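Here's the letter readout for the chains.
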Amino acid sequence: MSTIEVDRAAFLEGQIEPQPRRRRPKRKTVNTVIWFVVLLALTAIILYPLVWLVFSTFKPSSEFGQNPGLIPENPTIDNYLKVFDGIAGTPLWRFFGNSLLIAVSAVIGILASSALAAYAFARIKFKGVGVLFAAMIGTLLLPFHVIIIPQYIMFQKLELVDTYVPLILPKFLATEAFFVFLMVQFIRNIPRDMDEAARIDGAGHTRIFFSIILPLIRPALITSAIFAFIWTWNDFLGPLLYVNSPEKYPLPIALRLYNDATSTSDYGATVAVSFLALLPILIFFIVFQRFLVDGVATQGLKG
Amino acid sequence: MTITKEAAAEQPTRAGAGGPAKGAGRPKTPALKPGRRRANRRENVAGYTFLLPWLIGFLGLTLGPMIYSLYLSFTKYNLFADPKFVGFDNYVRMFTQDPQFLQSVQITLVYVLVGTPVKLAAALGIAMLLNYRNRGTGFFRSSFYAPSLIGASVSVAIVWRAMFSSNGPVDSSLSFFGLEIGGWVGNVSLVIPMMILLAVWQFGAPMVIFLAGLKQIPRELYEAAEVDGAGPVRKFRSVTIPMLSSVIFFNLLLETINAFQVFASAYIISNGSGGPAGMTNFYTLYLYKRGFADGQMGYAAAMAWVLVIVVAIIAFILFRTSKSWVHYAGESK
């Protein structure tokens with residue numbers, strides 16, 4: 001603290017601080033080392049459950065409840081071998097395929113519909129934009145409970161239960177306001193000069209949207225795509241309500257199958273599937289962490 | 001930079017984008033050139049065309065269902081027979097004859113009111129720790145964020161249950177310190193703390209937002225405070241908190257609403273039962289059981305509307321009180 005003050009005084013007097021600088025490093029280095037150690041310890045605690053999960057997939061089922069530690073006493077890959085056979089007559093790759101199909105459709109739907117809506121909210125001056133924008137923000141805070149019951153009744157009357165339509169259709173209709181909002185914020189930060197110039201050259205909204213805005217909001221599109229994928233991949237309540245046939249199960253519901261049927265007898269298999277279900281997300285995260293973390297940061301600050 | 005007269009004239013209304021729709025389609029003077037009016041109409045057509053998917057979703061999948069569920073909440077409905085109008089019966093029954101409901105409200109409130117502040121305190125504390133240095137924080141930031149991304153998944157719920165079960169890693173490390181617990185999952189008084197820990201573990205998302213907020217606080221403010229002889233506590237109270245208040249507000253609102261919606265982890269940890277002794281029967285889980293397992297759609301709809309009202313009240317209180325403690329940069333007090 002006092003060093004900064006000295007620094008500041010020296011700086012104000014026009015001295016180019018050779019003196020305080022020599023005094024500073026020692027304490028700074030010590031502080032940095034402590035800081036680093038504390039953060040490292042925190043990382044170890046926070047990531048421990050994941051590390052434990054990875055190691056536990058190599059434990060035989062009998063070891064659960066006996067060996068709480070990290071390292072398996074009798075390491076085995078039996079869990080994986082067993083898991084690949086599937087459960088309830090359905091092979092594991094099928095669940096993966098189902099999850100992938102739902103998640104990819106959701107990403108396409110969310111990107112297309114949210115970008116269109118965001119452009120309208122951010123760039124077109126039509127009658128009612130204010131009210132509708134407020135309504136969109138309102139849905140951001142709306143507890144989903146209030147719509148799942150009538151939606152379920154609706155899809156049931158339309159005989160769409162046990163298809164993926166109830167899971168995918170809402171994504172094509174931009175019902176998740178988070179993504180619309182994220183893109184609105186992004187579009188608002190793009191200088192209007194470009195649109196105006198294009199408009200003078202005779203471009204309509206369609207041209208401006210496709211050739212100016214879309215390329216410029218690519219970072220927001222990538223962030224949205226990753227979040228959309230991960231959230232859909234993890235979604236539990238949606239498929240729990242709408243998907244009944246085991247061969248149509250996505251991973252989270254299939255996991256429940258393991259969890260319910262085998263929780264006492266076959267912990268090893270359950271843990272192995274849990275890990276495999278997380279694996280795509282973890283890979284996604286490691287590859288795209290910048291986009292994700294920065295996406296969260298902007299969402300919060302400009303909100 | 002080419003700003004035409006028209007563009008310049010448009011600027012003022014556009015500056016308030018998202019604000020009220022004034023000026024949007026409204027002609028400014030009656031003697032408007034026909035070309036201008038045509039342009040307005042073109043804007044309206046374009047606006048609603050771009051907005052069409054969202055509008056269909058909003059009306060058909062959000063607003064319509066909301067109204068329908070409000071109606072359902074005054075009926076008895078099991079999906080097969082027609083809804084039977086019962087007035088306020090569902091609401092009255094909930095608060096007078098349903099101990100499970102009252103318990104569910106109670107544990108959900110404990111979970112929200114304890115879990116959210118603890119989670120945000122952890123998020124802010126660790127964000128400040130990360131903010132101590134500018135370089136070398138990327139790895140930590142990402143590692144701390146990871147749980148937020150996967151925390152609501154079934155996989156993590158399964159891991160959590162295993163970690164906190166009898167003879168699990170948490171138990172055995174506590175017994176190392178002489179604390180014999182014998183498993184948190186089946187323990188009536190420890191299962192909520194366990195769920196809260198799972199929520200706190202996901203502190204990364206608010207932390208990232210706090211961190212971005214901390215980076216925007218001008219250094220000079222801290223230096224000025226130091227010149228005035230402020231210690232770390234005083235600096236935290238008089239500089240950090242006020243400068244961060246809008247971010248705190250945002251996080252508080254979002255995390256509170258999120259906390260009410262916890263479902264998958266409670267479902268998995270209790271195998272869908274909400275046990276032990278109803279202690280993980282969180283609001284969403286109970287609503288699901290009532291509506292979809294017992295087929296009491298009217299009752300579940302009423303529960304959903306009670307939640308909407310509670311969330312609306314909380315949001316209202318937060319917005320209302322925020323005027324006195326949230327400070328927006330550039331706003332004089």
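Residues numbered from 1 in each chain as written. Chains lettered and ligands numbered in written order. Predicted model: local features only at pLDDT ≥ 70, side-chain atom pairs only at ≥ 80, totals over all residues.

**Re the overall build of chain A**
Within chain A, the secondary structure is distributed over 14 helices and zero strands. Listing every helix and strand of chain A by position from the N terminus yields α-α-α-α-α-α-α-α-α-α-α-α-α-α. Evaluated residue by residue, chain A yields a buried proportion of 40% over its 303 residues. Across chain A, the fraction of contacts at a sequence separation of at least 24, relative to all contacts at a separation of at least 6, is 69%. (Helix = DSSP H or I, 4+ residues; strand = E, 2+ residues; numbered from the N terminus. Buried ≥ 20, exposed ≤ 12 C-beta atoms within 10 Å, placed from the backbone. Contact = placed C-beta atoms within 7 Å.)

**Looking at the overall build of chain B**
Helix and strand counts for chain B stand at 14 helices and two strands. Within chain B, counting contacts between residues at least 6 apart in sequence, those at least 24 apart form 68% of the total.

**Some words on the environment of Tyr-71 of chain B**
Inspection of the secondary structure puts Tyr-71 of chain B in helix H2 (residues 34-72). Once the C-alpha coordinates of Tyr-71 of chain B and Gly-298 of chain B are considered, the two residues, 227 residues apart in sequence, prove to be 8.6 Å apart.

**Remarks on the nonpolar core**
Counting 163 residues, the largest nonpolar core has Ala-117, Ala-118, Tyr-119, Val-180 and Met-183 of chain A as the members making the most contacts within it. Beyond its immediate sequence surroundings of up to four residues, Ala-117 of chain A is in contact with Ala-174 and Val-180 of chain A together with Phe-50, Leu-51, Pro-53 and Trp-54 of chain B. (Core = buried A, V, L, I, M, F, W, Y, C linked by C-beta atoms within 7 Å.)

**So, the confidence of the model for chain A**
With 87% of its residues at a pLDDT of 70 or more, chain A shows a mean pLDDT of 85. Predicted confidence for residues 1-21 of chain A stays below pLDDT 50, and this span has 15 contacts to residues more than four positions away or in other chains. (pLDDT = per-residue confidence, 0-100.)

**Quick notes on the environment of Val-86 of chain B**
Counting through the fold element by element, Val-86 of chain B comes out in the loop between strand E2 (84-85) and helix H3 (89-97). The spacing of Val-86 of chain B and Lys-76 of chain B is ten residues in sequence and 6.6 Å in space, taken between C-alpha atoms.

**Some remarks on unusual backbone geometry**
Residue and element names in this part refer to chain A. Within the chain, Asp-162 stands out as a residue other than glycine whose phi angle is a positive 70°. The residue Asp-162 is located in the loop between helix H6 (145-157) and helix H7 (165-172) in this model. Classification of Asp-162 by C-beta neighbours within 10 Å gives partly exposed; the count is 14.

**Focus: the packing of helix H4 (residues 92-123) of chain A against helix H8 (residues 177-188) of chain A**
All names here are of chain A. Packing of H4 against H8 leaves a shortest axis separation of 8 Å and a crossing angle of 50°. What the angle tells us is that H4 and H8 run oblique. By crossing handedness, the relation of H4 to H8 is classed as right-handed. Two secondary-structure elements touch here, H4 through Ile-110, Ser-114, Ala-115, Ala-117, Ala-118, Tyr-119, Phe-121, Ala-122 and Arg-123 and H8 through Phe-179, Val-180, Met-183, Val-184, Ile-187 and Arg-188. (Axes fitted to C-alpha atoms, helices over the stretch in contact; angles between N-to-C directions. Parallel < 35°, antiparallel > 145°, perpendicular 65-115°, else oblique. Left-handed = near helix turned anticlockwise from the far one by under 90°.)

**A few points about helix H9 (residues 204-215) of chain B**
Residue and element names in this part refer to chain B. With twelve residues, H9 extends 16 Å between its outermost C-alpha atoms, agreeing within 8% with the 16 Å of an ideal straight helix rising 1.5 Å per residue. Of all the twelve residues making up H9, ten are buried; the element is thus mostly covered by neighbouring parts of the structure. When H9 is considered as a whole, its buried residues turn out to be Gly-204, Ala-205, Pro-206, Met-207, Val-208, Ile-209, Phe-210, Leu-211, Ala-212 and Gly-213. (Expected span 1.5 Å × (residues − 1).)

**Overview of H7 of chain A**
Here H7 of chain A has its buried residues at Pro-166, Leu-167, Pro-170 and Lys-171 of chain A. Around the axis of H7 of chain A, the buried residues are gathered within 135° of arc, so they sit on the same side. Tucked into the core, H7 of chain A has its buried residues touching H4, H6 and helix H12 (237-242) of chain A together with H2 of chain B. In the stretch just after H7 of chain A, Ala-174 of chain A is the one whose phi turns positive, near 55°. (Arc of directions from axis to C-beta.)

**With respect to the packing of helix H4 (residues 99-131) of chain B against helix H8 (residues 191-201) of chain B**
Angle between the axes and distance between the axes: these two values describe a pair of packed helices. Residues and elements named next belong to chain B. It is at 9 Å that the axes of H4 and H8 come closest, and there the two elements cross at 40°. Once H4 is placed against H8, the crossing between them reads as right-handed. Of H8, the residues touching H4 (which contributes Ile-107, Val-110, Tyr-111, Val-114, Gly-115, Val-118, Lys-119 and Ala-122) are Ile-192, Met-195, Ile-196, Ala-199 and Val-200.

**Structural notes on the confidence of the model for chain B**
Averaged over every residue, the pLDDT of chain B is 85; residues scoring 70 or more account for 88%. Highest mean pLDDT in chain B belongs to H4 of chain B (96); lowest belongs to helix H1 (residues 5-15) of chain B (38).

**Here we look at the environment of Ala-41 of chain A**
Residues and elements named next belong to chain A. When you line up the elements, Ala-41 lands in helix H2 (residues 18-56). A residue is classified by how many C-beta atoms lie within 10 Å of it, and Ala-41, with 10 of them, is exposed. Here the alpha-carbon distance between Ala-41 and Ile-147, two residues 106 residues apart in the chain, equals 43 Å.

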